[in-house]
Amino acid sequence: MSKERARRRAEREAAQARERAVRQRRSDRRARRRALLRRLTPTWRRGRTGRLPRHSRGERAAIVLLTLAAIMLIWSLVDDLALRVALVVLLLLVLPAIVVIALDRRT
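Cut-off values and rules
- Residues numbered from 1 in each chain as written.
- Predicted model: local features only at pLDDT ≥ 70, side-chain atom pairs only at ≥ 80, totals over all residues.
- Heavy atoms only, no water.
- Salt bridge = Lys/Arg side-chain N within 4 Å of Asp/Glu carboxyl O.
- Helix = DSSP H or I, 4+ residues; strand = E, 2+ residues; numbered from the N terminus.
- Buried < 20%, exposed > 50% of the residue type's maximum accessible area, 1.4 Å probe, protein only.

Enquirer: Just checking my understanding: could you explain the pattern of salt bridges for this structure?
Expert: Side chains that differ in charge, positive against negative, can pair when their charged atoms come close. In this structure the tally under the stated criterion is two salt bridges. One salt bridge in this structure joins Arg7 and Glu4, with 2.3 Å as the shortest N-O distance. Here Glu4 and Arg7 lie together in helix 1 (residues 2-40), a separation of three residues that amounts to about one turn. For Glu4, a relative accessible area of 35% corresponds to the partly exposed category. Two residues, Arg7 and Glu11, come together in a salt bridge whose shortest N-O distance is 2.5 Å. Taken together, the positions of Arg7 and Glu11, both in helix 1 and four residues apart, correspond to about one turn of that helix. Since its relative accessible area comes to 41%, Arg7 is described here as partly exposed. Sharing partners across several salt bridges, the network here consists of Glu4, Arg7 and Glu11.

Remember that the coordinates give geometry; whether it matters functionally is a separate question.
Right under this line is the structure:
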């Protein structure tokens, strides 16, 4: 009886060793693939690039929302279509200066 148990245990351990080897080969292959992909893809610089600081996500959202609100106000309060378009174009041209003045930073 104990010889039979020892034989089954040995078979079970051999099967587990084969499964471990298969898993190890798969993970090694996956690691090699990831390393190759990492070498081939260009790296993106994170954080600040260049001299100019970036705006935070909240600041960008505020700039976009306030600009859209101003455009909606222009379209709702001004009747003449040509004047509406001119004011929207003027707003978009002056927007960088407004951002600099409001946030006290360069864009």
